Structures are given as C-alpha cells and as structure tokens.
Amino acid sequence: MSAIPSPLITRFAPSPTGHLHIGGARSALFCWAFAKSMARVHNIDGRFMIRIEDTDQARSSEESARGILDDLAWLGICWDDGPSLTTTHGQTIGGDSRKVGPYFQAQRVAIYNAYLEHLVRLGRAYPAFETTEELDAKRKAATAAKQTYKYARPEDVKFGEFNQARWARAQAGERHVIRFAMPDTAIVVHDQILGDVTSAAGEVDDFVIRKADGFPTYHFAVVIDDELMGVTHVMRAQEHLSNTPKHVAMQQALTRLVDDRSAASGSNGTSFRTPAYGHMPLIFNADGTKMSKRDKAKAARKALKDAMAKDKALTAAAIGTRVNLPEKTITDFLAAETDAVEIAETVAPHFNVLLPEIEIWDFRRSGYLPEVITNFIALLGWSTGMKQADGKDVEKFDMAFLAQHFSIDRIGKTSAKFDRVKLASFNADAIQAMTDEQFWTRWTAWLTEFTPDVAEKLKSFAHADRQPARHALVQAIKPRAKTLSEGHRSIGFALIADDAVTFDPAAVDKALRGVAQPADKAMPPSGKTGVDVLRALRTVLAAQTDYSPAAIDGLIPGFATEHKLAMGSVAQPLRVALTGSTVSPGVGHCCAILGKAGTLARIDRCLSIHTGN
Ligand code: GLU
C-alpha cells in the first residue's frame, strides 16, 4: 500500500430498502475494522462513516434506514461520521464533525445536479431523449441478432465537447436522462484484494447517471459522495466489481467545483481522487447457492408445496383464505413469480415453517448474541492467520481484537460459506461462558424485546429474596441453550400460578394412576400407584428446608431405596404434580424454581384433583 492517508476514511453505504443483510453487516464490519486497525498500526486518524443511499425513492424508507442503523449499533459497529443515533443506553453514535453531510443522499440532490451540469459542460455527459419504447425496441433487435445490447452514442454528441443544443432542450423541460460519455480506453481497477482488474475499451456503454425523475443513479451519487466526503478506501462486496470501472472513469473525468453546491462557481481544477478499492468475497449457503433474502421465499414455497402434496384440498385459494392473502398472490408466489419476503413471513407461522435467518434482525430475534455474530461474520472471508497452542486457527475473538489485528491482506478472494451449525455452536459456547447473573440479564432483555408477556411473568424472580429460585431457573435453561430464544419454552410451568397447572391426561394415567415400578424388575410389584408415592413424598418434602436443586435431587434416591421403588416412579409423579406433564427440567430444579410453598401447594392441588380428597 502506498502512503497512508490521515484521516483514513472507510464507509458503509446501505440502500434503505429493507433490513440489514448479513452480507451488509460483514461489509460494515470489515470497513470499521480496517479503519480502526490502520489507525492503531500507523498512528493515524482512522474513521468509519455511514451514508444512506436513498436515491431510489420508490424502494427506500426512513424506517428501513433507522432499522439498519439500529442493527449496526446492536452489533457494536459504531460509526464516527454519519446520521446521529442515540441508543437505548443513551450513547450517541455518528454526527457531522467533519462537516461533509448530509448523509442521506436524497438530501444532496442539489450537489449532484451541480456536478451533473459541470460534467455536461465538460463534454463528458449529455442529455439523452430516447423513449423507453425506442430503447426496448433496440434491445429486442440486438437480442434477435444474438448481439449484446449497448447504447450507441448519438452522432451529434462529441466526446469532450459541450452539447449546447441538447442542454437547452433539457433545460426547456423535455423529458430526458443524462448519460455519461465513457472514454474509449481500457479502465484498470487496482483492487487491494483481487489485484488489477481490467475493463477493456468499449466494454461499458454510455450509462445513465441521472434518471428522468431528476434523481442521480447510484453510480453518480456514489462517486460524488466518496470524493466530497473524503472516502479513502472503498471496501464492498464483489457484486459491485463490475460497477467500479464506471466509477473510476467518472473520477477521471471530474474536477472539484470551487463551491461544491453551485455549478456557476466553476471548477478549481482539482481532479477527483480514486479511492483504494477492495472487493470482498460473496457469502454462500452450505449448498453453494448465494445467501439472499430469496432463501426465505424458497423455504416458505417448499413448505406450501409439501403441504399441498399431502392434502389435495389445500388449493392456492384455500391457502389464501387461511393466511388472509389474495389467491393470485399465492399462485404467483407458488410459481416463483415473486420472492417477496413479506409473503414468506405471512405464510410461515400458518404452516409451521422456520424461515432461515438472513438479515441481522432475524438473528437478533432468534436469540443470537451480537458479539457472536460479529465474531462469526468476521470469519466470512477473513482469517486471523494465528494459531492456538493446540495448532488450530484462532477463531474466537472480540471487536477489540479485530480493531487490533484486522488486515486487508488476509481477506480471501474466493466465496465464503455460511455454516449455520458453526454459528449455533459459537453462540452456545458464548452462552455457556456467561455467569448465571449475566445470562439472566441478557436473557430477560431478549424476552422484554421479543416476548414481553413472558418477561412480565418472570419479573417476580428478579426480587432479591428469590435469588435461589432465579439461580435454579437459569441452571435449568442455560446448560442446554444455544440461543436466548429457547429457554422460556421449557419453563412454562414456572410462569403460571400454582393453581393454574393443567394436567396432561396421558401423563396422569401413566405417572399418577399407573402402578409404581419396583426398584428391581425381579422384585414383586410395589402395589402402589403414583398418587400413593406422591403422598408419601409430600411428607418428606414438607420436612425439607433446603430447596436447592442438589438437595432435592439428593432426596429422591434415598426415598426410592427406602420404598424399594424405581427412581422414575418417584420423580415422575412429582414432575406431573408440579408441571402437569412428564417433560420438564429435572425435578430438583422444578422444586427449587417453585420454592417450598409453591411445591407443596402444587402437590396438594394435584392430589386433591386426582384422588378427590
Ligand atoms: N448502496 C449500495 C448498496 O447497498 C452501496 C454500494 C457501495 O458500497 O458502493 O449496495
């Protein structure tokens, strides 16, 4: 790398047309990590900036922009420059200390227009008046002749000469677009990851830089903003590589205006810089397909088709009625005419299908930890190059490590695989590494956001005098939890009042009315029912003062031996009495979670319901 600029500025420039995609988060993370690690290594000002690319008015929304910023903040990827965001913890991120905003492109249209006029006067852009129908006809003719369609520059347009006549027509209000006049030379992109990438002369035609609606295209706005905002390093996904020659050609054609906001002020002659480019590998699913929002539609479509194959009465119309969508929407979705995420998400709960997590919001909702996501996505196309003592690669690290050790030369050229099993195991490991109190805090914060009713029911466990019960609750969940979203399903029994337990009839038949098994199959039948066992066990539990899981679990074997019963025949009646079912955390944990009073109250209620006394 040549001289290191200071400030060194990277940027993430999302289009606010939906949630933050995992690939976008990876781009943001690499840009952030690169700026921070360069700052540390070279003792310079390394800054990470966010710009919102909302010039596609029809597809952009403020809500999406806010969601993207919020997801970045949740991940801990904080920007130095860009839209201001105050987090729920009161931290303010972003701002315009360098005075290069606004950071929403829709608010910069006057700037783009000044540069468009400038480029037109330089003879490097021109208004074009062809109608959509004319262009479509040419495109069709090219396809019919088995040729690649390219826009042919009109004969009256001369490269490098201001076309006064066309400009006057445009100024008079005639519908037009503005096209960039591509030079007839090869363009070489010096990519920091891929090496030199050459686009041959004539490969790119004169592309549109301002649409008929008056908004610049992505290509134009990005070039103007990267220059005016002082961006020194552009790191983005490889899918943008084919755009870069267009951007470089515009940078070579453009000079800075004296006053960036007015074409009339003229140029000061300073050429636009070409930032250092780095195009990052794409992210693929385990099956080799590109990881995209479409995966949700694919999963939902498959579930619908499977359900239709099983049940012939399930027509598109019937599905539409069930999910409250028009039949035509369902037919189009089934025929893959649309991959709309909204349809997939509407259909999913009705057909019990879990959609794959693709966007950061999905992972958030599924109970993944932000520090695990950033760790995991850092490994999508980058590696530490370090070994642990056991010879394996160093793969677990935090943001501070990344800010210290990230380097562009360890970004790979080939596509990265998104291994969901590995992500789940990273998440489970991080959960296991938490103390019980840390888990409690983070778990309840997740519940408050995603299942507030459960969070509300758990509030009483936060009291100081319920510390032992809280401890037991965490112990019942944490060891098996891969995500924060799983736990509450197994402790439903603890969220209801003692007199609200409903009993599963099969569990009652088997564990309470059924005969208790002897400790050894060779022994004679015990002659006792589960209810008899439960009644005897109640006496022992009533005399017990230590209600820790270990103490309760310690009682069971002694009781079983004394009464010559199988352990299961002791634990199951108790479990059914406390939870209403035969599936729950261990009985020691159940008793500890409910406490002595709750445990005895539930046993008494169960005995009274199932024996009538
Ligand atoms: N708005 C573009 C996108 O979301 C940004 C591309 C770039 O980084 O230049 O893909």
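Refer to the structure printed above.
Keep in mind that what you see is a predicted model, and the values were worked out from it rather than measured.

Quick notes on the rules
Residues numbered from 1 in each chain as written. Predicted model: local features only at pLDDT ≥ 70, side-chain atom pairs only at ≥ 80, totals over all residues. Heavy atoms only, no water. Near = heavy atom within 4 Å. Polar contact = N/O pair within 3.5 Å; in protein donor to acceptor, adjacent residues only side chain to side chain. Areas by Shrake-Rupley, 256 points an atom, 1.4 Å probe, with all protein chains shown as cover. Nonpolar A, V, L, I, M, F, W, Y, C, P; charged D, E, K, R; others polar. Helix = DSSP H or I, 4+ residues; strand = E, 2+ residues; numbered from the N terminus. Buried < 20%, exposed > 50% of the residue type's maximum accessible area, 1.4 Å probe, protein only. Contact = heavy atoms within 4.5 Å. Phe/Tyr/Trp six-rings, centres within 6.5 Å; stacked < 30°, edge-to-face > 60°. Pairing = 2+ DSSP bridges. Axes fitted to C-alpha atoms, helices over the stretch in contact; angles between N-to-C directions. Expected span 1.5 Å × (residues − 1). Arc of directions from axis to C-beta. Core = buried A, V, L, I, M, F, W, Y, C linked by side-chain atoms within 4.5 Å.

1. Observations concerning the site of the ligand
Part 1 of the argument: The environment of the ligand is made up of Arg11, Ala13, Ser15, Glu53, Tyr218, Val222, Arg236 and His240.
Part 2 of the argument: Here an oxygen atom of the ligand sits 2.7 Å away from a polar atom, N or O, in the side chain of Arg11.
Part 3 of the argument: In the complex, 80% of the free accessible area of the ligand, which totals 290 Å², lies under the protein chains.
Part 4 of the argument: Counted by class, the shell around the ligand contains three nonpolar, two polar and three charged residues.

2. Description of the environment of Lys293
Part 1 of the argument: Topologically, Lys293 is positioned in the loop between strand E14 (283–284) and helix H8 (294–310).
Part 2 of the argument: You can call Lys293 partly exposed: its relative accessible area is 33%.
Part 3 of the argument: Each C-alpha atom of the pair Lys293 and Ile22 lies 9.9 Å from the other, and the pair is 271 residues apart in sequence.
Part 4 of the argument: In this view, Lys293 contacts Thr17, His21, Val341, Ile358 and Glu359; residues no more than four positions away in its chain are not counted.

3. Quick notes on the packing of aromatic side chains
Part 1 of the argument: By the definition in use, this model includes 14 aromatic pairs.
Part 2 of the argument: Between Phe30 and Phe406, the aromatic rings sit 5.1 Å apart at their centres with planes inclined by 55°, giving tilted as the arrangement. Of the two residues, Phe30 is situated in helix H1 (residues 22–42) and Phe406 in the loop between helix H14 (399–405) and strand E15 (416–417); the sequence distance between them amounts to 376 residues. Both residues of the pair, Phe30 and Phe406, belong to the buried class.
Part 3 of the argument: Ring plane angle 80° and centroid distance 6.1 Å describe the contact between Phe376 and Phe426, whose orientation is recorded as edge-to-face. Highlighted residues: Phe376 in helix H13 (residues 370–378) and Phe426 in helix H15 (residues 420–432), separated in sequence by 50 residues.

4. Quick notes on the sheet that holds strand E5 (residues 125–128)
Part 1 of the argument: Spatially, E5-E6-E9 is the arrangement adopted by the three strands of the open sheet, whose pairing is antiparallel. Each edge of the sheet is formed by a strand with only one pairing partner; in this case those strands are E5 and strand E9 (208–210). Adjacent strand axes in the sheet meet at a mean angle of 45° when their direction is disregarded.
Part 2 of the argument: Running at roughly 130° to E9, helix H3 (residues 109–121) makes contact with E5, strand E6 (177–180) and E9 of the sheet.

5. Remarks on the side chain of Ser27
Part 1 of the argument: Tracing the sequence through the fold places Ser27 in helix H1.
Part 2 of the argument: Other than its neighbours up to four places away in sequence, Ser27 contacts Phe12, Ala237 and Met280.

6. Points about the pairing of E5
Part 1 of the argument: Neither face of E5 is left uncovered, since the one carrying Ala125 and Pro127 and the one carrying Tyr126 and Ala128 both have all their residues buried.
Part 2 of the argument: In the sheet, E5 pairs with E6 via four bridges, with the strands oriented antiparallel. If you follow Pro127 over to E6, its bridge partner there is Ile178.

7. With respect to the pairing of E6
Part 1 of the argument: The pairing of E6 with E9 spans two bridges and is antiparallel. Each bridged residue has a counterpart across the sheet, and for Arg179 the counterpart in E9 is Val208.

8. Here we look at helix H16 (residues 436–450)
Part 1 of the argument: Taking 1.5 Å as the rise per residue, H16 with 15 residues should run 21 Å; its terminal C-alpha atoms sit 21 Å apart, in good agreement.
Part 2 of the argument: All buried positions along H16 are accounted for by Asp436, Phe439, Trp440, Trp443, Thr444, Trp446, Leu447 and Phe450. All buried residues of H16 lie within an arc of 155° about the axis, which places them on one face of the element.
Part 3 of the argument: Buried residues belonging to H16 abut helix H12 (360–365), H15, helix H17 (452–458), helix H18 (467–477) and helix H19 (487–490).

9. Focus on H8
Because an α-helix completes one turn every 3.6 residues, residues spaced three or four positions apart along the sequence face the same direction.
Part 1 of the argument: Its 17 residues give H8 an end-to-end C-alpha distance of 24 Å, which sits within 8% of 24 Å, the value for a rise of 1.5 Å per residue.
Part 2 of the argument: The set of residues buried in H8 consists of Asp295, Lys296, Ala297, Ala300, Arg301, Ala303, Leu304 and Ala307.

10. Notes on the nonpolar core
Part 1 of the argument: If you look at the biggest cluster of nonpolar residues, it comprises 118 residues, and the most contacted ones within it are Leu402, Trp443 and Leu574.
Part 2 of the argument: The element best represented in this core is H1, accounting for eleven residues.
Part 3 of the argument: Every residue in contact with Trp443, bar those within four places of it in the chain, is listed here: Leu458, Leu473, Ile477, Leu484, Gly487, His488 and Ile491.
Part 4 of the argument: Formed by 38 residues, the second largest nonpolar core is a distinct cluster that contains Tyr115, Val120, Ile187 and Ile209.

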